[in-house]
4 protein chains.
Amino acid sequence: MISLQNDYSEGAHPQILKRLAEINLEQNPGYCTDGYCASAAEKIRQTCTCPEAEVFFLVGGTQTNQVVIDTMLAPFEGVVAARTGHISTHEAGAIEFTGHKVLELPQHEGKILAKELKELASHFWLDGNHEHMVFPGMVYISHPTEYGTLYSKQELEAIAQVCHEYKMSLYMDGARLAYGLTAPGTDVTLADIARLCDVFYIGGTKCGAFFGEAVVFTKHNMPVRFLTRVKQHGALLAKGHMLGIQFDTLFTDNLYYKIGAHAIRLAQMLQQGLKDAGLQLYINSPTNQQFVELPDAAVKKLEERGVVYSFWEKTCPDKTVIRFVTSWATKEETVQGLIKILKEIM
Amino acid sequence: MISLQNDYSEGAHPQILKRLAEINLEQNPGYCTDGYCASAAEKIRQTCTCPEAEVFFLVGGTQTNQVVIDTMLAPFEGVVAARTGHISTHEAGAIEFTGHKVLELPQHEGKILAKELKELASHFWLDGNHEHMVFPGMVYISHPTEYGTLYSKQELEAIAQVCHEYKMSLYMDGARLAYGLTAPGTDVTLADIARLCDVFYIGGTKCGAFFGEAVVFTKHNMPVRFLTRVKQHGALLAKGHMLGIQFDTLFTDNLYYKIGAHAIRLAQMLQQGLKDAGLQLYINSPTNQQFVELPDAAVKKLEERGVVYSFWEKTCPDKTVIRFVTSWATKEETVQGLIKILKEIM
Amino acid sequence: MISLQNDYSEGAHPQILKRLAEINLEQNPGYCTDGYCASAAEKIRQTCTCPEAEVFFLVGGTQTNQVVIDTMLAPFEGVVAARTGHISTHEAGAIEFTGHKVLELPQHEGKILAKELKELASHFWLDGNHEHMVFPGMVYISHPTEYGTLYSKQELEAIAQVCHEYKMSLYMDGARLAYGLTAPGTDVTLADIARLCDVFYIGGTKCGAFFGEAVVFTKHNMPVRFLTRVKQHGALLAKGHMLGIQFDTLFTDNLYYKIGAHAIRLAQMLQQGLKDAGLQLYINSPTNQQFVELPDAAVKKLEERGVVYSFWEKTCPDKTVIRFVTSWATKEETVQGLIKILKEIM
Amino acid sequence: MISLQNDYSEGAHPQILKRLAEINLEQNPGYCTDGYCASAAEKIRQTCTCPEAEVFFLVGGTQTNQVVIDTMLAPFEGVVAARTGHISTHEAGAIEFTGHKVLELPQHEGKILAKELKELASHFWLDGNHEHMVFPGMVYISHPTEYGTLYSKQELEAIAQVCHEYKMSLYMDGARLAYGLTAPGTDVTLADIARLCDVFYIGGTKCGAFFGEAVVFTKHNMPVRFLTRVKQHGALLAKGHMLGIQFDTLFTDNLYYKIGAHAIRLAQMLQQGLKDAGLQLYINSPTNQQFVELPDAAVKKLEERGVVYSFWEKTCPDKTVIRFVTSWATKEETVQGLIKILKEIM
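This is a predicted model, so every value here is computed, not measured. (Residues numbered from 1 in each chain as written. Chains lettered and ligands numbered in written order. Predicted model: local features only at pLDDT ≥ 70, side-chain atom pairs only at ≥ 80, totals over all residues. Heavy atoms only, no water.)

### Let's talk about the pairing of strand S10 (residues 289–295) of chain D
Put simply, side chains in a regular strand alternate between the two faces of the sheet.
Residue and element names in this part refer to chain D.
Right, so step 1: With 6 of 7 residues buried, S10 is to be regarded as a mostly interior element.
Right, so step 2: Judged from the 2 bridges that link them, strand S9 (residues 280–281) and S10 form a sheet pairing that is antiparallel. Within S10, the position partnered with Leu-281 by the bridge is Val-292.
Right, so step 3: The sheet contact formed by S10 and strand S13 (residues 319–325) spans 7 bridges and is antiparallel. Looking at the pairing, Gln-289 lines up with Val-325 of S13. (Buried < 20%, exposed > 50% of the residue type's maximum accessible area, 1.4 Å probe, protein only. Helix = DSSP H or I, 4+ residues; strand = E, 2+ residues; numbered from the N terminus. Pairing = 2+ DSSP bridges.)

As structure tokens, then:
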């Protein structure tokens with residue numbers, strides 16, 4: 001079996017497992033008040049070149065989006081997102097569950113455009129009825145996006161500029177940030193993100209941790225009584241030190257970047273293999289998710305050869321887009337094996 | 001001053017005022033348990049040819065949409081609506097406030113298409129990830145729409161058919177239903193609406209009442225403990241008999257239809273006047289809202305002549321769409337006066 | 001039939017009806033932006049001797065409690081109330097519906113004690129775990145209470161003092177405020193209430209209006225975007241001028257006080273009659289609600305004589321507390337008739 | 001340092017750590033659809049002698065209470081709990097956050113009485129106004145309670161009987177269930193719990209797991225679309241197999257019971273030591289939490305000797321109740337060391 005279905009199928013990077021085992025019998029105070037959380041937060045502040053950042057650790061991505069968006073927004077505000085944003089489509093309405101509307105913008109390979117954002121915001125404020133409308137209070141972007149694409153520094157700056165102009169906070173969902181930071185050609189660093197975003201999260205679950213997301217508030221803007229609000233959402237982990245030790249490990253000796261770089265190298269190898277096999281990339285993704293359009297007959301052959309992939313969508317009656325994903329756990333021989341099969345069946 | 005700004009600027013039809021005065025000193029039990037509510041409900045059931053209908057009275061339109069949608073949907077369900085639907089745009093997120101997503105469809109002169117609805121529903125159920133998505137549990141349509149347009153019986157039947165196929169309930173917002181029922185060329189009756197919709201409301205606020213909307217559940221489907229849920233939403237009127245007496249009056253001697261017919265006659269007169277003045281209708285509305293595109297210079301002249309209208313939207317830098325609305329209270333000389341001014345300034 | 005069941009069984013005071021009729025054909029802007037709302041607000045500010053007060057008009061009592069409490073509290077805060085407070089018991093969970101806990105205190109004839117409030121607040125802040133608890137952010141009192149009792153100025157000052165010390169806002173539910181302001185022996189004026197409370201509402205529904213409650217924010221503390229939040233709760237009345245004209249009338253020529261005084265005079269007459277008949281008052285209420293304990297046999301006889309009352313509670317297997325309520329609409333002969341019957345049956 | 005502060009200070013039982021390491025590189029499907037979750041569920045069904053049980057795994061206790069209560073209740077229902085119940089006091093209003101009221105009953109050493117429950121329920125249904133009240137839809141009990149006490153089988157049966165009579169579901173919070181099942185003198189088994197409760201959870205976080213709680217629905221009553229609702233609450237763990245492997249381990253070779261028995265043995269040893277030192281137990285707890293009242297001077301001495309405990313409450317100006325807790329990780333020498341110190345300082 002060759003499986004490149006996802007980047008959260010395995011456990012955790014061995015280094016994380018090792019450190020969890022080492023401290024297993026230690027006693028730690030609960031609810032992220034322990035020393036490992038403090039140490040991890042400090043390392044994140046340094047990596048972001050943002051000494052004033054406030055860092056809090058949560059368990060999962062949807063939970064993080066829900067808690068951050070709900071606690072940052074005023075009750076009368078909504079969050080702007082691409083129509084294909086994770087919060088718009090695949091979180092079962094977790095944002096609306098807390099009372100906030102997701103205001104959708106068109107997507108362009110998963111990204112939003114500063115220009116269209118500006119139109120939405122300016123139209124809102126010009127509308128004579130805007131007191132009967134949902135106020136756009138925050139902009140949500142994912143980086144990498146759900147399509148594996150990345151914003152350039154210039155694009156981020158333009159979006160941040162519009163946010164600043166219309167008093168909307170800018171929030172980046174970094175569920176797969178490790179792969180974004182290490183992608184070929186990107187000019188966006190953690191320091192840029194900390195500078196341009198009001199809040200973002202550094203993904204752990206999909207980047208080598210067992211679980212965990214590190215939320216970073218960059219502008220002295222952590223919501224008041226944040227711990228209580230996390231508790232109120234049912235999102236406060238009792239053994240918070242497990243989050244601390246994982247992120248402390250990820251930000252020791254550049255492990256987070258090494259994990260990203262490994263997955264990117266194999267994703268690039270796979271991308272080249274797909275091209276060599278004469279296949280049509282569905283989107284030009286520089287990160288660890290690769291999308292390819294195949295005739296249904298070819299998909300069927302892949303399955304017969306034991307290849308596990310993610311179904312993405314049907315583009316026409318006899319063609320399907322499928323997704324392959326690499327991670328810290330992916331082996332080079334797995335990618336080479338897949339390429340070999342692809343060449344054989346095409 | 002000539003004002004055709006809205007259909008809820010005045011008080012109530014004189015007949016309603018008269019009956020309220022007549023019963024002013026009567027004692028009635030509270031919370032819509034009185035005889036007038038019972039009588040109004042029975043008259044509505046008869047007019048709808050739907051003897052099994054359950055009727056409840058609420059105060060306002062946004063409140064009604066919020067209560068009906070929240071109580072009819074399961075917590076994991078959302079409501080499908082046109083991008084221009086009232087609940088999508090001008091209710092300050094009242095639906096999301098109760099935890100439900102509004103799933104938006106494209107609008108076509110304010111209406112949704114059965115075909116696009118079917119695509120949304122079928123795509124949802126085919127998607128392998130639909131358990132991580134918001135379930136489409138209800139379809140919201142307004143009739144007349146926010147653009148004054150109307151569904152034909154055939155269109156309604158096609159939408160109801162898709163709803164039935166995909167187990168979504170069909171809800172009609174009839175805030176301006178009086179004008180829909182009496183529009184020229186419509187083939188949709190209250191009986192049709194009761195037959196095709198699972199729930200709808202008969203608008204009072206914009207159709208001659210001081211306030212009030214009559215919610216009609218047509219399929220033995222009033223949510224359990226509905227009165228308690230209305231109370232929980234803060235939407236239960238203490239002196240419910242005020243709602244009863246108003247709807248009892250509206251459904252005595254066809255008053256609801258007479259109110260509609262009066263406004264429609266004047267709206268048609270206005271429409272002809274707009275055409276005669278060489279103006280461009282923005283949308284071909286058969287109901288009491290008329291939309292016209294004017295050069296900004298002409299809009300300015302209207303204002304100088306004391307004409308009050310509703311701003312609708314800018315279509316290009318020097319053109320604006322404005323709206324005129326007729327009602328039970330509109331006088332023929334007001335419409336004629338407006339037409340005269342329009343002819344003079346164009 | 002003799003009915004003293006409630007103070008919201010009839011329509012509205014004739015003066016209100018008269019003015020509504022007079023302006024019926026006037027055109028007014030919607031959503032409480034009209035001149036009558038402005039005029040009523042100004043009269044309320046003057047009566048309260050609180051020129052900086054911000055006033056907004058809502059439709060009903062539960063709705064007002066829900067909107068005020070939800071918009072004034074931070075999401076992590078709850079509201080403290082007597083166990084018998086209206087929000088604790090008879091609003092179907094409308095406060096919890098918006099996400100806030102009601103923190104209950106013991107009741108003493110419907111009132112809370114400053115001392116017990118201070119214990120709750122000080123205990124909260126001393127508790128090492130208070131970050132896992134609901135923060136007490138507001139104190140809710142009703143005046144008159146659900147038992148018809150009143151706070152003295154000294155009691156109010158003591159409660160306000162504790163609120164100030166522990167940074168809780170003080171909110172008074174004045175659903176029956178007309179009767180509280182005109183009760184014999186009270187030393188609490190509207191000016192005192194405006195001085196001591198952060199927010200309160202002047203009840204209309206139970207004090208002579210068709211409907212309506214006037215919310216008064218006294219400390220430049222109306223929540224931001226309040227109109228939008230009212231809309232989001234489904235609580236914004238389209239024809240807001242109906243609220244304006246009613247409160248403008250109530251605060252012209254002291255009508256609000258005259259309505260209160262009339263009902264109080266008849267309630268006192270009834271109370272004396274109850275005592276003369278040798279009956280046991282359940283609570284010594286100086287306002288328009290009178291509670292009396294009767295043997296069940298006597299209750300049965302009352303019913304046989306056509307007397308309509310409110311059941312309050314069973315105190316022992318063969319005794320029942322019932323309630324009589326007077327209002328602007330109560331006639332002296334009704335009270336005398338009831339007294340006569342009571343004397344005959346006892 | 002001697003610390004008996006909590007049962008969630010360390011990591012996980014070594015056997016759990018071992019198995020997590022063994023499967024670290026395996027690929028598993030996400031969101032609790034893996035084989036380990038299936039295996040753990042089956043073992044739980046067998047241990048409960050409840051083959052029809054439906055089992056789902058969540059991350060933490062407050063999250064579990066929130067998800068279970070919100071998804072099991074109708075929107076107009078609240079949950080009954082002891083005034084000292086965890087959901088009443090220490091979950092930051094997580095239940096109210098989802099719209100439901102906690103209806104409080106008096107507590108008796110942390111427990112509720114069937115008699116008082118019956119009074120609440122019968123009073124609700126007799127009340128003429130109950131349609132304006134929160135319906136009691138579920139009863140929440142914790143076993144062991146927040147005071148370490150346990151229900152007897154007879155007490156549970158009486159409560160279950162009242163629940164059945166008044167159509168309330170019975171929910172047991174088993175955050176520390178391992179210690180309840182293995183306490184001296186208890187006659188309540190997992191099979192009893194599964195028989196008497198409609199839903200309960202088997203606590204992992206405080207009973208040897210890194211994290212995790214196993215929710216057991218016993219009456220074919222798992223809420224529809226439960227996975228989607230868990231997702232909507234932000235409570236669905238991506239790497240659900242981590243929950244599966246932990247509970248599979250806990251229910252292999254009776255590990256869950258062994259963990260409980262170890263902690264109970266040391267708690268009993270500590271209790272005897274406290275008695276031998278002449279100290280006053282605050283409550284007679286048969287489980288792993290021991291409460292003792294000490295003069296403040298003695299508490300100070302404990303701290304000077306490096307003893308870490310949980311502050312519980314002040315009982316009078318110079319006395320304090322503190323709590324000691326044992327767990328799978330507690331060593332006998334720690335308990336003996338504490339006893340020695342206690343004897344020295346008293």
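Don't stop here, the text continues.
### So, the pattern of salt bridges
Right, so step 1: In this structure the tally under the stated criterion is 80 salt bridges over all chains.
Right, so step 2: The salt bridge involving Lys-101 of chain B is made with Glu-104 of chain A; its shortest N-O contact spans 3.8 Å. A residue pair is termed interchain when its members come from two chains, as with Lys-101 of chain B in the loop between helix H5 (94–97) and strand S4 (102–105) and Glu-104 of chain A in strand S4 (residues 102–105).
Right, so step 3: Here Lys-101 of chain B falls in the buried class, since its relative accessible area comes to 6%. (Salt bridge = Lys/Arg side-chain N within 4 Å of Asp/Glu carboxyl O.)

### What about the relation of the copies chain D and chain A?
Right, so step 1: With an RMSD of 0.0 Å, chain D superimposes on chain A once it is rotated by 180° and translated 0.0 Å along the axis. What the superposition gives is, in effect, a two-fold axis relating one chain to the other.
Right, so step 2: Both copies present the same face, since 100% of the interface residues in chain D are matched by interface residues at the equivalent positions in chain A. (Least-squares fit on C-alpha atoms with pLDDT ≥ 70 in both. Contact = heavy atoms within 4.5 Å.)

### Here we look at the interface of chain D and chain A
Right, so step 1: If you look at the interface, chain D gives 43 residues, while chain A gives 43 residues.
Right, so step 2: Roughly 3,900 Å² of surface becomes buried between chain D and chain A when both sides are summed, with 58% attributable to carbon and sulfur atoms.
Right, so step 3: Inspection of the region where chain D meets chain A yields 0 salt bridges.
Right, so step 4: Applying the counting rule to chain D against chain A returns 23 residue pairs in polar contact (both at pLDDT 80 or more). (Buried area = accessible area lost by both parts, 1.4 Å probe. Polar contact = N/O pair within 3.5 Å; in protein donor to acceptor, adjacent residues only side chain to side chain.)

### Observations regarding the packing of helix H6 (residues 114–126) of chain D against helix H7 (residues 153–165) of chain D
Packed helices, taken two at a time, are described by their axes: the angle between them and the distance between them.
All names here are of chain D.
Right, so step 1: Between H6 and H7, the shortest axis-to-axis distance is 9 Å and the interhelical angle comes to 10°. As far as their axial angle goes, H7 and H6 are roughly parallel. The hand of the H6/H7 crossing is right-handed. Residue-level inspection shows Ala-114, Leu-117 and Lys-118 of H6 in contact with H7, the latter providing Ala-158, Ile-159, Val-162, Cys-163 and Glu-165.
Right, so step 2: Residue classes in the contact of H6 with H7 are distributed as 6 nonpolar, no polar and 2 charged. (Axes fitted to C-alpha atoms, helices over the stretch in contact; angles between N-to-C directions. Parallel < 35°, antiparallel > 145°, perpendicular 65-115°, else oblique. Left-handed = near helix turned anticlockwise from the far one by under 90°. Nonpolar A, V, L, I, M, F, W, Y, C, P; charged D, E, K, R; others polar.)

### A short note on the relation of the copies chain B and chain A
Right, so step 1: With an axial shift of 0.1 Å and an RMSD of 0.1 Å, the rotation relating chain B to chain A amounts to 180°.
Right, so step 2: Both copies share a contact surface, since 100% of the interface residues of chain B are interface residues in chain A too.

### Digging into unusual backbone geometry
Residues and elements named next belong to chain A.
Right, so step 1: Cis geometry is found at the peptide bond from His-143 to Pro-144, where omega equals -5°.
Right, so step 2: With respect to the helices and strands, the residue Pro-144 is situated in the loop between strand S5 (135–142) and helix H7 (153–165).
Right, so step 3: Positioned with a positive phi, Cys-32 is a non-glycine residue whose angle comes to about 65°.
Right, so step 4: Locating Cys-32 in the fold gives a position in the loop between helix H1 (14–22) and helix H2 (35–47).
Right, so step 5: Residue classification places Cys-32 among the buried positions, given a relative accessible area of 14%.

### A word on the state of the cysteines
Right, so step 1: Summed over all chains, the structure comprises 0 disulfides over all chains.
Right, so step 2: No disulfide involves Cys-197 of chain C; its sulfur sits 8.5 Å from that of Cys-163 of chain C, the nearest cysteine. (Disulfide = S-S within 2.5 Å.)

### Remarks on the interface of chain B and chain A
Right, so step 1: Taken together, the contact between chain B and chain A spans 19 residues of the former and 19 residues of the latter.
Right, so step 2: Here chain B meets chain A over a buried area of about 1,500 Å², counting both sides, of which 50% is carbon and sulfur.
Right, so step 3: Of all residues in chain B, the largest losses of buried area upon contact with chain A belong to His-90, Glu-96 and Lys-101 of chain B, amounting jointly to 36% of the total for that side.
Right, so step 4: Here chain B and chain A share 4 salt bridges between them.

### A word on the sheet that holds strand S12 (residues 310–316) of chain C
Residue and element names in this part refer to chain C.
Right, so step 1: Within the open sheet, the 4 strands sit side by side as S9-S10-S13-S12. Their pairing is antiparallel. The sheet is open, and its two borders are formed by strand S9 (280–281) and S12, each paired with just one other strand.
Right, so step 2: Contacting S9, strand S10 (289–295) and strand S13 (319–325), helix H12 (residues 255–276) crosses the sheet at an angle of about 20° to S10.
Right, so step 3: Across the sheet, helix H13 (residues 296–304) lies against S10, S12 and S13, angled at about 115° from S10, the strand it touches most.

### Details of the side chain of Thr-145 of chain A
Right, so step 1: Counting through the fold element by element, Thr-145 of chain A comes out in the loop between S5 and H7.
Right, so step 2: Within the local environment of Thr-145 of chain A, its side chain forms a polar contact with the side chain of Thr-149 of chain A, the two groups lying 2.6 Å apart.

### Regarding the packing of aromatic side chains
Right, so step 1: Considering all chains together, one arrives at 54 aromatic pairs over all chains under this definition.
Right, so step 2: A ring pair is formed by Tyr-31 of chain A and Tyr-8 of chain D, whose centres lie 5.9 Å apart and whose planes are at 65°; its orientation type is edge-to-face. Here Tyr-8 of chain D lies in the loop between strand S1 (2–3) and helix H1 (14–22) and Tyr-31 of chain A lies in the loop between H1 and H2, a pairing that spans two chains.
Right, so step 3: With centroids separated by 4.8 Å and ring planes inclined at 70°, the aromatic side chains of Phe-291 of chain A and Trp-312 of chain A adopt a geometry described as edge-to-face. Residue Phe-291 of chain A is found in strand S10 (residues 289–295), and its partner Trp-312 of chain A is found in strand S12 (residues 310–316); the two are separated by 21 residues along the sequence.
Right, so step 4: The class of Trp-312 of chain A is partly exposed, set by a relative accessible area of 26%.
Right, so step 5: The structure contains a cluster of three or more aromatic residues connected by ring pairs, namely Phe-76, Phe-124, Trp-125 and Phe-135 of chain A.
Right, so step 6: If you follow Lys-111 of chain A out to its NZ or CZ, it ends over the ring of Tyr-151 of chain A, 5.6 Å from the centre. (Phe/Tyr/Trp six-rings, centres within 6.5 Å; stacked < 30°, edge-to-face > 60°. Lys NZ or Arg CZ within 6 Å of the ring centre and 35° of its normal.)

### Describing the confidence of the model for chain A
Right, so step 1: Counting all residues, the mean pLDDT for chain A is 97, and 100% of those residues have values of 70 or more.
Right, so step 2: Among the scores for the predicted complex, ipTM is 0.97 and pTM is 0.98. (pLDDT = per-residue confidence, 0-100.)

### Things to note about the environment of Phe-76 of chain C
Right, so step 1: Considering the arrangement of structural elements, one finds Phe-76 of chain C in the loop between helix H3 (61–72) and strand S3 (77–82).
Right, so step 2: As a C-alpha pair, Phe-76 of chain C and His-130 of chain C span 54 residues in sequence and 11 Å in three-dimensional space.

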